[in-house]
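Residue-level structural notes
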Amino acid sequence: MSPYVSELMAAVKAKNPAEPEFHQAVQEVAESLTAVLDQHPEFREAKILERMIEPERVIMFRVPWRDDAGTLQVNRGFRVQMNSAIGPYKGGLRFHPSVNLGILKFLAFEQVFKNALTTLPMGGGKGGADFDPKGRTDSEVMRFCQGFMCELSRHIGPDTDVPAGDIGVGAREIGFLFGMYKKLKNEFTGVMTGKGLTWGGSVIRPEATGYGAVYFASEMLKTRKEELKGKTCLVSGSGNVAQYTVQKLISMGAKPVTLSDSAGYIFDTAGITSEKLAFVMDLKNVRRGRISDYANKFTGSVYTPLDRKADHNPLWDHKAECAFPSATQNEINERDAANLLRNGVYVVSEGANMPSTIGAVNQFLDAKILFGPGKAANAGGVATSGLEMAQNSMRISWTREEVDNRLFNIMKTIHEVCHRTSEKYGTPGNYVNGANIAGFLKVANAMMDQGVV
Ligand code: NDP
C-alpha cells in the first residue's frame, strides 16, 4: 500500500468507525488510483478522492408501521446521496435486516464509479432499510413501503434522485413505493426505475443486471478467442440477478449448475434448464419459497444447507469454468477463491456488488484469470435504468430488441473501456484497475470543472 493510500485509509477508518464494507470499497479504489494520482497532481491538490468518499448528503429516518396483528414496528430508513457530479443521484434501495449506514455507503460509493462507466448521465446513490420483507404479507409490505416513501419523497425527484430496486426490493415493492410517491406529490414522473411495463417501466429492466453480467463474461472470453457455449457455470443467489444470469447462460449454450439462497444451495449436475428455471422463478417470485424445494422437485440435484460457521462456502467448490456470484457482498472469501481456482474456474463475472473479499480479488488478479468486478460486470442494471429514464423523459417505449441491443452495446463499451484503461495504466487485463480508473476520471474531471462544491 502506498503511503498516500495508508494515510487515506487511516483517516477513513477513524472518521467512519464500524463501517468495514465502506473501508473495503474505498481501499480497493484508492489502491487502483495510485498511478492516476501520481500523473494528476491537480486531483490530489483539489482533494477529489477525499471529496468522493464523503457523501454529499445522508438522510436517515424512522419508519413506524403496524403489522397485520396491529403491533407497532419501527424500522430505520436511509438514503445516501453520494455524488451528483455527472447527473442526478441514481442507485437502488435494499430492504434487508443487515442494512446499516456502512453497507449503504459502500454501495453508494461503488455506484458512483459504476454509473460513470455506463456512459449515461447518472450520479451515484443508494438507500434502503433494515426491514425484512421475508415472511411479511403483501399488506404489511405495502404499509412499510408507504411509510418509507412518506419520508423519502421529500428528498427524491426525476431530476434529483431516482431510486431503483436491490436486495428485497423487486417489482412488488417498487409498485407500492411509486404509488405512494405519486399520491403524495400528485405527479406521474419517472422518479423510480424498475416500474411495471404498463406504468412507465422499460422492457429488459428486470433481466438487465443478469444479462449484462453474462455479456461482460462473454466479452472477457472473446479476448482469448473463446465463448461461453459449453462452459459449466456456478451461480449464487436465486433472486433477480441470479435468475436472469441463468436465463442468459442457458440461451448462450452454457451449463449453469448451482443456485442458492440465504439458507443453502442446490447443485444440479445435469444443468439448470429453462423448465427448471421457470420453477425457480415461480418459487422465488410468486410463492416466495426456499431453494431447497428445487432438490425436492428435481431428482439428481442435491441441496446443501449453508453452515454460517464454516470457513468456506461449498457452492464454490465444484468443477467449473465460470462463476457468477449474484447474491451479496463478501460471499467469496480467500478460501473460496482458492477452491474456485483449484477447480478450474478462470472466468468470474460479479453480478452482486463486492461479492469477493479483497484477499479473494487479489488471488484472482495474481492468477491472471478473467475477473470482471461488480462495478463493471453488473452495470447493465443501472444502465437499463438509465434507458428507462430516457424513455420516460421522451414519453415513449422502445422494443425488447432495441433495449437489449443498447444493453449489449453498453456492456461491450464498458468492457472495452476497462480493458483499454488497464493497459494504458500499466496493468493489462486487470479489469479492477480499469473500472476504477475509468470511472474515477470521468467523475473527477466533472468535479474539477464544477469547482469546490
Ligand atoms: P434479490 O433480493 O432479488 O436476491 C438476492 C438473493 O441473494 C436471494 O437469493 C437471497 O436469498 C440471497 N442473499 C441475500 N442476502 C444474502 C446473504 N447475506 N447470504 C446469502 N444469500 C443472500 O436481490 P438481487 O438479485 O437484486 O441482488 C443480488 C445482488 O446483486 C446484490 O449484491 C445487489 O446489490 C446486486 N445488484 C443488483 C442489481 C439489480 O438490478 N437488482 C443491480 C446491480 C447489482 P434469500 O432469498 O434467502 O434472502
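Residues numbered from 1 in each chain as written. Predicted model: local features only at pLDDT ≥ 70, side-chain atom pairs only at ≥ 80, totals over all residues. Heavy atoms only, no water.

1. Describing the domain arrangement of the protein chain
As a measure of interface size, the accessible area lost when the parts come together is often cited. Per the domain assignment, the segments making up the protein chain are domain 1 (3–187) and domain 2 (208–372). Its C-alpha centre places domain 1 at a distance of 26 Å from the equivalent point of domain 2. Taken together, the 16 residues of domain 1 in the interface contact 12 residues of domain 2. The junction of domain 1 with domain 2 conceals about 1,100 Å² of combined surface from both sides, 47% of it contributed by carbon and sulfur atoms. At the boundary of domain 1 with domain 2, the tally comes to 0 salt bridges. (Domains from an automatic or database assignment. Contact = heavy atoms within 4.5 Å. Buried area = accessible area lost by both parts, 1.4 Å probe. Salt bridge = Lys/Arg side-chain N within 4 Å of Asp/Glu carboxyl O.)

2. Considerations on the environment of Met411
Counting through the fold element by element, Met411 comes out in helix H17 (residues 400–424). The exposure class assigned to Met411 is buried, which follows from its relative accessible area of 0%. C-alpha separation for the pair Met411 and Ala383, spaced 28 residues apart in sequence, amounts to 8.9 Å. Leaving out residues up to four positions away in the same chain, Met411 has contacts with Gly212, Tyr215, Phe216, Ala376, Ala377, Ala379 and Gly380. (Helix = DSSP H or I, 4+ residues; strand = E, 2+ residues; numbered from the N terminus. Buried < 20%, exposed > 50% of the residue type's maximum accessible area, 1.4 Å probe, protein only.)

3. Quick look at the sheet that holds strand E3 (residues 89–95)
The strand order across the open sheet built from 5 strands is E1-E2-E4-E3-E5, with neighbouring strands paired in mixed fashion. In the strand order of this sheet, the two ends are held by strand E1 (57–66) and strand E5 (161–164), each with one partner. Between one strand axis and the next, the sheet turns through 20° on average, direction left out of account. Bridge count for E3 against E5 is 4 bridges, and the pairing is parallel. By the bridge assignment for E5, Tyr89 is matched with Asp161. (Pairing = 2+ DSSP bridges. Axes fitted to C-alpha atoms, helices over the stretch in contact; angles between N-to-C directions.)

4. Here we look at helix H16 (residues 380–394)
Across its 15 residues, H16 extends 21 Å between first and last C-alpha, which sits within 8% of the 21 Å expected from 1.5 Å per residue. Burial runs high along H16: 12 of the 15 residues are buried. For H16, the set of buried residues is Gly380, Gly381, Val382, Ala383, Thr384, Ser385, Gly386, Leu387, Glu388, Met389, Gln391 and Asn392. Check the buried side of H16 and you find it contacts E3, helix H6 (101–117), E5, helix H9 (205–222) and H17. Arg395, located one to two residues past H16, shows a positive phi value of around 55°. (Expected span 1.5 Å × (residues − 1).)

5. Digging into the packing of aromatic side chains
Counted by the stated rule, this structure contains 20 aromatic pairs. Relative to Phe148, the ring of Phe144 lies with its centre 5.9 Å away and its plane at 35°, an arrangement referred to as tilted. Taken together, the residues Phe144 and Phe148, both in helix H7 (residues 138–152) and 4 residues apart, mark about one turn of the helix. Phe148 carries the same exposure label as Phe144, and that label is buried. Relative to Phe371, the ring of Phe364 has its centre 5.3 Å away and its plane inclined at 35°; by these criteria the two rings are tilted. The aromatic ring of Phe298 is capped on one face by Lys276, whose charged end is 5.8 Å from the ring centroid. Looking at Arg406, its charged tip hangs above the ring of Trp398, at a distance of 3.9 Å from the centre. (Phe/Tyr/Trp six-rings, centres within 6.5 Å; stacked < 30°, edge-to-face > 60°. Lys NZ or Arg CZ within 6 Å of the ring centre and 35° of its normal.)

6. Quick word on the packing of H6 against helix H18 (residues 431–450)
At a minimum axis separation of 8 Å, H6 and H18 run at an interaxial angle of 85°. Classed by the angle they form, the pair H6 and H18 counts as roughly perpendicular. Note on element contacts: H18 touches H6 through Ala435, Asn436, Ala438, Gly439, Phe440, Lys442 and Val443, opposite Val112, Phe113, Ala116 and Leu117. (Parallel < 35°, antiparallel > 145°, perpendicular 65-115°, else oblique.)

7. Focus: the site of the ligand
Around the ligand there are 26 residues in total, and Asp166, Thr209, Ser262, Arg290 and Asn353 lie nearest to it. A distance of 3.0 Å separates an oxygen atom of the ligand from a polar atom in the side chain of Arg94. Between Val241 and the ligand, the recorded distance is 2.9 Å, taken from a backbone N or O atom to an oxygen atom. Its free accessible area being 900 Å², the ligand has 86% of it covered by the protein chains. Partitioned by chemical class, the residues of the shell around the ligand number 4 nonpolar, 14 polar and 8 charged. Taken domain by domain, the shell around the ligand gets at least three of its residues from each of domain 1 (3–187) and domain 2 (208–372). (Near = heavy atom within 4 Å. Polar contact = N/O pair within 3.5 Å; in protein donor to acceptor, adjacent residues only side chain to side chain. Areas by Shrake-Rupley, 256 points an atom, 1.4 Å probe, with all protein chains shown as cover. Nonpolar A, V, L, I, M, F, W, Y, C, P; charged D, E, K, R; others polar.)

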